[in-house]
Amino acid sequence: MEIYAKKIPAGDKLLEHKVAYALLEQVVGMTFEMPLPEIARGEHGKPYFPAYPKMHFNLSHSSGLAVCGIGESPLGVDVEAVRLLRERVLLRSFSTAEQELVEKSPYPDEMFFRLWTLKESYVKALGIGISYPLQTVCFSLEGDAVVTNLSGYQFRCYQVDAFVIACCTISALSETLPESVWLL
C-alpha cells in the first residue's frame, strides 16, 4: 500500500475533488503504467475499479490537500486540516476514553483530528460511510502506534504540514502500511 498527497488551493471543494481524481490518475499511471480504469461505486458510494478487483484505492481531500491511497487490499484514507475541534462531534462520535484523551492532550485540536481521521479511514475501508456507530470504535495513540479495540485491521497516522492523514487496511491480507506519505 502507498499513500500519496498533493497540495492544492484551499477553499474550492469542486477543485479539491477534481485534483483528488487527477492524483488517482497520476498514481495509477506511475504505479501500474496504465491509464485510469473505469470507476464504479459500491452500494454506499465507495469508488472501485470493476475491471481490477485486486486493485484498491481511496481518496480524501481537505482545505488544501488531496490524498490517494492505493494497494492490494481494501483500504480507507482520510485527511483533515487541523483546526478547532468540533465539540458536538466529540461528544456524539467519540468514546468516553477518547474524549478524555482529547481533553487531556496538550494539543486537543490535533488529537481530535488524529482520532477522527482514524475513525473515518475505518468506515471508508469498510465502504459504509459514517452511518456506522463511530463511538463504538475506540482508538488511542502510543507514540506512532495506533491502539484500537478492532481486530483484523492495521492503522497509521501521518502529519503533513498542518494536516493529519490516517489510513486503514485489513491486516489479515498482510499488506504493510507505508512509513510515510509521498508528496507529489
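Structure's up top.
A. Structural view of the overall build of the protein. Within the protein one finds 4 helices and 11 strands. Relative to a compact globule of 184 residues, whose C-alpha radius of gyration would be 16 Å, the protein shows 16 Å and is just as compact. Within the protein, the proportion of its 184 residues that are buried is 46%. Nonlocal contacts in the protein, meaning residues at least 24 apart in sequence, comprise 53% of its contacts between residues at least 6 apart. When the accessible surface of the protein is totalled, it reaches about 9,300 Å², and 55% of it is carbon and sulfur. Considering the protein, the positive charge centre built from 16 side chains and the negative charge centre built from 22 side chains are found 5 Å apart.

B. Summary view of the packing of aromatic side chains. For the structure on display, the rule yields 8 aromatic pairs. Taken together, a centroid distance of 6.4 Å and an interplanar angle of 0° make the contact between F94 and W116 stacked. Remark: W116 occurs in helix α4 (residues 108–126) and F94 occurs in the loop between α2 (87–93) and α3 (96–104); sequence separation between them is 22 residues. No difference in accessibility class separates F94 from W116, as the two residues are buried.

C. Structural detail: the environment of K7. Structurally, K7 can be placed in strand β1 (residues 2–7). K7 sits 109 residues away from W116 along the chain, and the two C-alpha atoms are 21 Å apart. When sequence neighbours within four positions are dropped, the list of residues in contact with K7 reads G64, L65, D161 and L183. Of note is the side chain of K7, whose polar atom sits 2.5 Å from the side chain of D161.

D. Broad picture of the pairing of β1. With 6 bridges connecting them, β1 and strand β5 (residues 65–71) associate as antiparallel partners. Looking at β5, one finds that Y4 is bridged to C68. Here β1 pairs with strand β11 (residues 182–183) via 2 bridges, running parallel. When the bridges of β11 are listed, A5 appears paired with L183.

E. Just α3, in detail. Within α3 the residues assigned to the buried category are E98, Q99 and V102. What you see down the axis of α3 is that its buried residues fit within an arc of 100°, all on one side. With respect to the buried face of α3, the exposed residues turned more than 90 degrees away are T96, E103 and K104. Those residues of α3 hidden inside the fold are in contact with α2, α4 and β7 (139–142).

F. How the structure looks around the sheet that holds strand β6 (residues 75–81). Spatially, the 3 strands line up as an open sheet ordered β6-β10-β9, and their pairing is antiparallel. One side of each edge strand has no neighbouring strand; the edge strands of this open sheet are β6 and β9 (153–160). Mean inter-strand twist for the sheet, computed between neighbouring axes without regard to direction, equals 15°. When β9 meets strand β10 (residues 163–170), the two strands line up antiparallel, connected through 8 bridges. Residue R156 lies in a different strand from β10, and its bridge partner there is C167.

G. Region of the structure containing the nonpolar core. Among the nonpolar cores identified, the biggest contains 22 residues, and F94, V102, F112, L118, Y122, F139 and F155 are the most heavily contacted of them. At 9 residues, the largest contribution of residues to this core is made by α4. Every residue in contact with F94, bar those within four places of it in the chain, is listed here: V89, Q99, V102, F112, L115, W116, K119 and Q135.

H. The arrangement of the state of the cysteines in detail. Counted according to the given criterion, the structure contains 0 disulfides. C157 provides the cysteine sulfur closest to C138, a residue in no disulfide bond, and the two sulfurs are 14 Å apart. Lacking any disulfide linkage, C157 is separated from the closest cysteine sulfur, that of C167, by 8.2 Å.

The rules behind each value
- Residues numbered from 1 in each chain as written.
- Predicted model: local features only at pLDDT ≥ 70, side-chain atom pairs only at ≥ 80, totals over all residues.
- Heavy atoms only, no water.
- Helix = DSSP H or I, 4+ residues; strand = E, 2+ residues; numbered from the N terminus.
- Rg over C-alpha atoms; globule rule 2.2 N^0.38 Å.
- Buried < 20%, exposed > 50% of the residue type's maximum accessible area, 1.4 Å probe, protein only.
- Contact = heavy atoms within 4.5 Å.
- Areas by Shrake-Rupley, 256 points an atom, 1.4 Å probe, with all protein chains shown as cover.
- Lys, Arg positive; Asp, Glu negative; His and termini not counted.
- Charge placed at Lys NZ, Arg CZ, Asp CG, Glu CD.
- Phe/Tyr/Trp six-rings, centres within 6.5 Å; stacked < 30°, edge-to-face > 60°.
- Polar contact = N/O pair within 3.5 Å; in protein donor to acceptor, adjacent residues only side chain to side chain.
- Pairing = 2+ DSSP bridges.
- Arc of directions from axis to C-beta.
- Axes fitted to C-alpha atoms, helices over the stretch in contact; angles between N-to-C directions.
- Core = buried A, V, L, I, M, F, W, Y, C linked by side-chain atoms within 4.5 Å.
- Disulfide = S-S within 2.5 Å.

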